[in-house]
Amino acid sequence: MKSKSATDEKIMQAFAQLVEQQGYSATTTVQLAQTAGVNESTIFRHFGDKLGLATGLLVRYRKSLMDIIADFEPVWDLETDLISFSKCFRKQWPKQHVMVMLMSTVKDPVQKQKLHAAAHQTKNSIQEQITRYLEQMQKRGLIRADVNSEQIALNFMWLNIGQFWTSRFLENEQHQLSDERFYELSVRPFVHLLTT
């Protein structure tokens, strides 16, 4: 007999696959049961409903991202550390694509509001982590004392999210940047603004 966690994982992987292929609203529990190779009743027993599945997917995404960020060990060089943060974001790009599909294809306004609240928690957790780092850099005198660390952390997140969107959704090759080119054109000027 399979463990509950193994079954949950199989259901979640199938759910992420279907959401990425056809969106949240178009994914049915019948399709999910077939894709995961389980009874539909198992899905309801483990997750309650589709909203429970979507919330579970967001929670797993958040945990995965926070685990990667938790592994970050600053060297207290702003450019090196911000590039490391960017690499953390980039490791999550396949999952971010699923999250974009999930959030952009929810039609029910109540479900959308609940999922946005869960996604907001993820954004807050990442922003808090970067803010704490920047505050430490200020205490060490390694970045300007007059910058708002919380706003800079949010700006840095937007920078990385913008790179994700352009690389994933814009077909034009002029928008495609190698990692090194992204760091050179985006992260380095960002660092310059914080240190001069």
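Residues numbered from 1 in each chain as written. Predicted model: local features only at pLDDT ≥ 70, side-chain atom pairs only at ≥ 80, totals over all residues. Heavy atoms only, no water.

An unreviewed UniProt entry annotates the protein chain as TetR/AcrR family transcriptional regulator originating from Limosilactobacillus allomucosae.

A. Up close: the side chain of threonine 131. Relative to the helices and strands, threonine 131 is located in helix α7 (residues 109-139). Note on threonine 131: relative accessible area 8%, which makes it buried. What threonine 131 contacts, discounting residues up to four positions off in sequence, is Ser149, Glu150 and Ala153. (Helix = DSSP H or I, 4+ residues; strand = E, 2+ residues; numbered from the N terminus. Buried < 20%, exposed > 50% of the residue type's maximum accessible area, 1.4 Å probe, protein only. Contact = heavy atoms within 4.5 Å.)

B. Examining the UniProt feature "domain: HTH tetR-type" (unreviewed entry) in the protein chain more closely. Within this numbering scheme, the UniProt entry marks residues 5-65 as carrying the feature "domain: HTH tetR-type" (unreviewed entry). The span residues 5-65 is 82% helix and 0% strand, and its two end C-alpha atoms sit 20 Å from each other. (UniProt positions renumbered as here; feature names shortened; annotations may be inferred.)

C. Spatial organisation of the environment of cysteine 88. Inspection of the secondary structure assignment puts cysteine 88 in helix α5 (residues 78-91). By relative accessible area, which is 7% here, cysteine 88 ends up buried. Residues cysteine 88 and isoleucine 11 lie 77 residues apart in sequence; the distance between their C-alpha atoms is 26 Å. Those residues in contact with cysteine 88 that sit more than four places away from it in its chain are Leu65, Ile68 and Ile69.

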